Amino acid sequence: MIIEDQHYDLIIVGTGAGGGTLAYKLAPTGKKILILERGSFLPKENENWSASEVFRKQRYQAQQQWYDQVGEPFRPQTNYWVGGNTKVYGAALLRMRERDFEEVQHQDGISPEWPLKYKDFEPYYTEAEKLYLVHGRQGDDLTEPPRSETYPLPAVAHEARMQQICDAISHQGLHPAYLPLGLKLSEGAEEQSDCIRCKTCDGFPCNVDAKADAEVVGISPSLKFPNVTLKTNAKVVRLHTSPNGGEVKAVEAEIDGQSHFFFSDIVVLACGAINSAALLLSSANSSHPTGLANSSNLVGRNFMKQLITTLVQLSPQPNPAIFQKTICVNDFYWGELGFDYPMGHIQNTGNILEDMIPAEAPPLLAFLARLMPGSGLQQLTARATGWWLQTEDLPDPNNKVRVEGAKQYMDYTPNNLEAHDRLIHRWMDVLKVVDRMTENSVFSRGIYPYSNTPIQVVANQSGTCRFGEDPKTSVLDINCRTHDVDNLYVVDSSFFPSSSAVSPALTIIANALRVGEHLIERLNKG
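Only a predicted model underlies this, so the values are computations on that prediction, with no experimental measurement involved.

Quick notes on the rules
Residues numbered from 1 in each chain as written. Predicted model: local features only at pLDDT ≥ 70, side-chain atom pairs only at ≥ 80, totals over all residues. Heavy atoms only, no water. Salt bridge = Lys/Arg side-chain N within 4 Å of Asp/Glu carboxyl O. Helix = DSSP H or I, 4+ residues; strand = E, 2+ residues; numbered from the N terminus. Buried < 20%, exposed > 50% of the residue type's maximum accessible area, 1.4 Å probe, protein only. Core = buried A, V, L, I, M, F, W, Y, C linked by side-chain atoms within 4.5 Å. Contact = heavy atoms within 4.5 Å. Phe/Tyr/Trp six-rings, centres within 6.5 Å; stacked < 30°, edge-to-face > 60°. Lys NZ or Arg CZ within 6 Å of the ring centre and 35° of its normal. Pairing = 2+ DSSP bridges. Axes fitted to C-alpha atoms, helices over the stretch in contact; angles between N-to-C directions. Left-handed = near helix turned anticlockwise from the far one by under 90°. Nonpolar A, V, L, I, M, F, W, Y, C, P; charged D, E, K, R; others polar. Parallel < 35°, antiparallel > 145°, perpendicular 65-115°, else oblique.

Caption draft 1: The pattern of salt bridges, seen in detail. In this structure the tally under the stated criterion is 31 salt bridges. As a salt-bridge pair, Asp-213 and Lys-87 come within 2.9 Å of each other at their nearest N and O atoms. In this pair, Asp-213 is assigned in the loop between β9 (181–182) and α5 (214–222) and Lys-87 in the loop between β4 (73–74) and β5 (104–106), connecting sequence segments 126 residues apart. Judged by its relative accessible area of 2%, Asp-213 falls in the buried class. Taken together, the shared-partner salt bridges connect Arg-95, Glu-122, Glu-129, Glu-144 and Arg-147 into one network.

Here you go:
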């Protein structure tokens with residue numbers, strides 16, 4: 001056991017969208033800040049852009065085993081690097097819709113009201129878009145919430161085939177929009193652009209640091225300040241409280257096989273919704289017998305990860321677009337004529353590449369690939385356009401993270417399935433029209449292999465430590481401080497009362513900036 005002799009003003013555990021952004025916000029204060037990250041810096045290497053290494057061999061995925069609700073082990077698709085999961089995210093940075101913050105009736109139940117509303121987050125969304133270099137265009141998406149400022153950067157342009165698809169969607173009375181993306185991109189001034197619009201973006205690490213991830217825009221700038229210290233390969237395993245349980249006194253981390261104890265006035269968890277909950281549960285003591293900050297018995301409960309389907313549009317016409325991830329559609333977000341319940345959000349995936357198919361492809365596409373070896377497989381992927389379909393899943397206290405001894409469990413049963421199925425089949429109908437408009441062939445009937453993401457896909461996790469004003473029905477207060485422990489905060493997606501149907505990254509970032517303002521005020525008072 002090693003007792004660190006330095007005392008910090010604040011410790012941040014985790015460097016992803018929440019922790020990396022908070023570090024950026026607090027670094028200029030001059031306060032003594034320690035950042036603990038269980039991973040290391042993701043190496044720059046040729047394998048960053050190898051579909052075989054990234055998807056088939058899972059080179060950058062955590063070497064970890066969790067268990068489902070019946071005790072079956074699985075390897076979660078999560079990433080422990082400086083920058084967290086943002087190192088391999090698709091950089092789609094969307095605001096939640098204004099109505100997402102209200103109580104919403106879904107077919108399978110209620111999406112609860114948030115204690116803060118869109119207007120409370122809007123200034124921080126604006127700040128987040130500037131920090132993460134978000135490209136977009138206002139006015140195309142009818143569900144887009146009101147904005148105090150336009151997007152900081154112009155939309156990422158559609159390549160020719162993507163524009164053709166976009167036009168065919170519009171012809172059906174729908175409103176495809178430019179997908180908001182966080183990229184270090186200067187179109188028309190390529191010599192000044194870090195982003196080269198490559199085919200390996202969504203799901204890949206960026207070899208040239210052109211993706212606006214939490215390392216590039218958060219941690220790296222923070223480390224330029226002498227008051228900020230980062231320790232990598234430091235897995236936090238337990239939080240130790242004062243005898244009465246009122247505050248965290250020490251953070252215990254494993255480094256090189258030894259236990260290190262770090263001390264600070266304030267501790268902030270940003271480990272991701274699953275791991276932050278697991279850490280709180282693993283830190284149970286006599287003052288908190290069911291887990292730290294768990295007097296409500298809600299730590300780990302109401303886990304959400306959205307219903308996500310990968311759908312592949314196969315057309316006889318090749319899709320030569322190098323960067324395909326530029327379109328999103330929200331016309332079915334709140335439902336459609338004859339179905340008055342929310343259905344969800346649609347956006348492009350990154351390019352479908354040959355070496356992805358054995359590991360990531362829908363079963364039908366994988367079957368077709370086996371029938372088309374060699375150049376046939378290349379012809380198949382050359383005609384593919386990928387889509388993500390995302391539907392909100394609803395908070396359920398039985399969907400939870402739990403810890404038993406050394407084992408970490410994720411009990412999860414999907415809900416809101418009929419609304420999601422309706423979105424899938426409605427989008428197939430749209431794509432059939434797209435193909436009929438752009439082709440004159442038998443393929444106009446449509447071949448659209450799809451697959452739902454299994455339990456190990458936890459990219460859009462949220463909800464395990466919901467925030468609110470009542471300690472009996474929430475874990476965190478509206479500033480994301482735990483009700484039970486005065487100096488303990490959580491700034492990842494744990495705080496979400498509902499998941500919405502858009503990717504959560506921008507809301508995590510905006511909230512970290514919001515909580516950062518509160519923490520600056522508290523640190524200055526101290």
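Having seen the model, we can carry on.
Caption draft 2: Spotlight on the nonpolar core. Ranked by size, the top nonpolar core spans 110 residues in total, and within it Leu-10, Tyr-132, Leu-183, Leu-239, Leu-269, Leu-488 and Leu-519 carry the most contacts. In terms of residues, this core owes the most to one element, helix α11 (residues 505–525), which gives ten residues. Among all residues touching Leu-10, those that are not within four sequence positions of it are Leu-26, Lys-32, Ile-33, Leu-34, Ser-264, Ile-266, Val-268, Leu-519 and Leu-523. Met-162, Leu-423, Ile-424 and Val-434 belong to the second largest nonpolar core, which has 25 residues in total.

Caption draft 3: Region of the structure containing the packing of aromatic side chains. Taken as a whole and judged by the stated rule, the model has 20 aromatic pairs. Here the aromatic rings of Tyr-60 and Trp-81 are separated by 6.1 Å at their centres, their planes lie at 65°, and the arrangement is edge-to-face. One end of the pair, Tyr-60, is in the loop between α2 (51–56) and β3 (66–68); the other, Trp-81, is in the loop between β4 and β5, and 21 residues separate them in sequence. There is no split in this pair, since Tyr-60 and Trp-81 are both buried. Ring geometry for Phe-495 against Phe-496: centres 4.9 Å apart, planes inclined by 70°, an arrangement best described as edge-to-face. On the basis of relative accessibility, which here comes to 0%, the residue Phe-496 falls in the buried class. Connected via pairs of aromatic rings, a cluster forms that spans Phe-101, Trp-114, Tyr-118, Phe-121, Tyr-125, Phe-467, Phe-495 and Phe-496. Lys-32 extends its terminal NZ or CZ atom over the ring of Tyr-8, reaching a point 5.6 Å from the ring centre.

Caption draft 4: Structural view of the environment of Met-304. For Met-304, the location among the structural elements is in the loop between α6 (273–282) and β14 (307–314). Taking C-alpha positions, Met-304 is 6.5 Å from Ser-499, a pair spaced 195 residues apart along the chain. The residues contacting Met-304, other than those within four sequence positions of it, are Asp-393, Leu-394, Pro-395, Asn-460, Gln-461, Ser-462, Gly-463, Phe-496, Pro-497, Ser-498 and Ser-499.

Caption draft 5: Highlighting the pairing of strand β13 (residues 258–269). As paired strands, strand β1 (residues 2–13) and β13 are joined by eight bridges and run parallel to one another. Pairing of Tyr-8 across the sheet is with Ser-264, part of β13. In the sheet, strand β12 (residues 248–255) pairs with β13 via five bridges, with the strands oriented antiparallel. Within β13, the residue paired with Val-251 across the bridge is Phe-262.

Caption draft 6: Geometry of the sheet that holds strand β18 (residues 400–404). The four strands lie next to each other as β4-β3-β19-β18, forming an open sheet whose pairing is mixed. Among the strands making up the open sheet, the edge pair consists of β4 and β18. Examined bridge by bridge, β3 and β4 share two bridges and lie antiparallel to one another. What sits directly across from Trp-66, in β4, is Phe-74. Against the sheet, α6 makes contact with β3, β18 and β19 (407–411), and its axis sits at roughly 40° relative to β18, the strand it touches most.

Caption draft 7: Inspection of the packing of helix α1 (residues 17–26) against α11 at higher detail. Two numbers describe how α1 lies on α11: the axes approach to 8 Å, and their chain directions differ by 40°. Crossing angle aside, the handedness with which α1 passes α11 is right-handed. Across the interface between the two elements, Ala-17, Gly-18, Thr-21, Leu-22, Lys-25 and Leu-26 of α1 pack against Ala-505, Ile-508, Ile-509, Ala-512, Leu-513, Gly-516, Glu-517, Leu-519 and Ile-520 of α11. When its residues are assigned to classes, the contact of α1 with α11 shows ten nonpolar, three polar and two charged.

Caption draft 8: Structural context of the packing of helix α3 (residues 118–131) against α11. Contact geometry of α3 with α11 gives a least axis separation of 8 Å together with a crossing angle of 110°. Considering their axes alone, α3 and α11 lie roughly perpendicular with respect to each other. Of the two elements, α3 crosses α11, and the hand of that crossing is right-handed. Contacts between α3 and α11 involve Phe-121, Tyr-124, Tyr-125, Glu-127, Ala-128, Glu-129 and Leu-131 from the former and Leu-506, Thr-507, Ile-509, Ala-510, Asn-511, Leu-513, Arg-514 and Glu-517 from the latter. Along the lines of polarity and charge, the residues of the contact of α3 with α11 split into nine nonpolar, two polar and four charged.

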